[in-house]
Structures are given as C-alpha cells and as structure tokens.
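Topology and contacts: notes
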Amino acid sequence: MRAVLLDIEGTTTPISFVHEVLFPFARLRLHAFLEAHQGQQDVIRDLKQLADEHQHDVEAALNPPDLAEPYLNWLTDQDRKSPALKALQGKIWKQGYAAGTLQAPLFPDVPTAMRRWQNASVRVNIFSSGSVLAQKLLFSHTDFGDLSGLIDKYFDTGVGKKNDTASYERIATELRLAANE
C-alpha cells in the first residue's frame, strides 16, 4: 500500500459537524456573503455555474425556487453535490475558520493514523464532495490543530461522483498509482 484515500463525513469527522454546524453556518451568512462579494470573479463564476444548474433543473421539471439564495438553500436541503454550491459554501466557511468561529472535530484516531501512514511513506489523500477549499480549511482548523501537512492531495467532484468507478480511476491516475497500491 502506497496511498490511502479518505472521505470526510463519517470517516474523519462526525457527519453531524457538516449537517449541524457547517451547513447552518453557511446558510445564515449566505445573503450577506453574496451581497459583499457579488463583484468578485470567482463568485461571479460560481453564480454563472449555479444559473446553468438552475436552468437544467427547470428543464428537468424539478421546480427549483428562484436563483441565488433560495436556490442555494434548496440545494443544501437536498444535500446536492453541486460544485457551485460547494464552492460558495467553502468561501463562507473560510471566513468562519479565519475568525476562529469554526473548528473541525476529528475522530480521535484520525491524527494518529495519518501520522502513522506518513511515517510509513503512505500518502494520505482526501476525496470528498466538499470543495478542495473546504477540505483544506477543515484539516487546517481541527481540534487537533493544523493537520493539513499530513495530506498529500485533495479531490472533489471535479474528478467525478463518489459512486462512479471512473472517479477512482482518475484519482489513481493522478496519484500515479495502480488501484491495488
């Protein structure tokens, strides 16, 4: 074994942290964030992607609510793995981590296992539906301190869905490893 690929929810961190802390944190700050950052290029890009997704949902007769804030909340309620939603949430969480308002609780065996793997030259990687930004923020602000130095690579839905074999093939290729390694 030359690498491990970990998820976050339920693997390194309690599921409740995401659903009971992170999602409500972003929801409460979404309106103010969009108003304050609507002119930033990365937010404009996220909102354009969101508009495309909204149009797809309209065409699929899913009856989504109006764009921007109501639609983002609707996507959150569905736990949709929307890249635009995840990108915007990550940007909001960044503010919370920076202010010290957010701190990720890890299962107690996670830091020990990550250090053991690193000491054995086994690369530690993360694959989560949360954006790479959100993943990096989480592991740099844990209740065990900054563990980001123990992680080699982060993967999000940019490589594909978590239930799609091709996603894992892309990850193995990017890591330059065979699946059995």
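Only a predicted model underlies this, so the values are computations on that prediction, with no experimental measurement involved.

This part covers the pattern of salt bridges. By the definition in use, this model includes 10 salt bridges. Across the pair Lys91 and Asp46 runs a salt bridge, and its minimum N-O distance is 2.6 Å. Remark: Asp46 occurs in helix α2 (residues 41-59) and Lys91 occurs in helix α4 (residues 83-99); sequence separation between them is 45 residues. Measuring nitrogen to oxygen at the nearest pair gives 2.7 Å for the salt bridge that ties Asp52 to Lys48. You can see Asp52 and its partner Lys48 sitting in helix α2, four residues apart, about one turn around the helix. The exposure class of Asp52 is partly exposed, given its relative accessible area of 42%. One network of salt bridges, in which partners are shared, links Asp42, Asp46 and Lys91.

It is worth spelling out the side chain of Gln135 at this point. Looking at where Gln135 falls in the secondary structure, it is placed in helix α6 (residues 132-140). If we ignore the near neighbours within four places in the chain, the residues touching Gln135 are Ile8, Ile126, Phe127, Ser128, Gly130, Tyr154, Phe155 and Asp156.

Our next topic: the sheet that holds strand β1 (residues 3-6). By definition, the strands of a sheet pair up through backbone hydrogen bonds, in either a parallel or an antiparallel sense. Across the sheet, which stays open at both edges, the three strands sit in the order β1-β2-β3 with parallel pairing between neighbours. Taken across any chain shown, the strands that pair with only one partner, and hence form the sheet edges, are β1 and β3 (153-155). Taken pair by pair, the neighbouring strands of this sheet meet at an average axis angle of 20°, ignoring direction. With four bridges connecting them, β1 and strand β2 (residues 123-127) associate as parallel partners. In the strand pairing of β2, Val4 is matched with Val124. Docked against the sheet, α6 engages β2 and β3, running at close to 135° with respect to β3.

Looking now at the packing of aromatic side chains. Any pair of aromatic rings gets described here by the distance separating the centres and the angle formed by the planes. Here the structure, examined in full by the defined rule, presents three aromatic pairs. Between Tyr71 and Trp74, the aromatic rings sit 5.6 Å apart at their centres with planes inclined by 25°, giving stacked as the arrangement. Within this pair, Tyr71 and its partner Trp74 are both found in helix α3 (residues 69-77), separated by three residues, close to a single helical turn. Ring centres 5.3 Å apart and planes at 80° place the aromatic pair Phe127 and Tyr168 in the edge-to-face group.

About the cut-offs
- Residues numbered from 1 in each chain as written.
- Predicted model: local features only at pLDDT ≥ 70, side-chain atom pairs only at ≥ 80, totals over all residues.
- Heavy atoms only, no water.
- Salt bridge = Lys/Arg side-chain N within 4 Å of Asp/Glu carboxyl O.
- Helix = DSSP H or I, 4+ residues; strand = E, 2+ residues; numbered from the N terminus.
- Buried < 20%, exposed > 50% of the residue type's maximum accessible area, 1.4 Å probe, protein only.
- Contact = heavy atoms within 4.5 Å.
- Pairing = 2+ DSSP bridges.
- Axes fitted to C-alpha atoms, helices over the stretch in contact; angles between N-to-C directions.
- Phe/Tyr/Trp six-rings, centres within 6.5 Å; stacked < 30°, edge-to-face > 60°.

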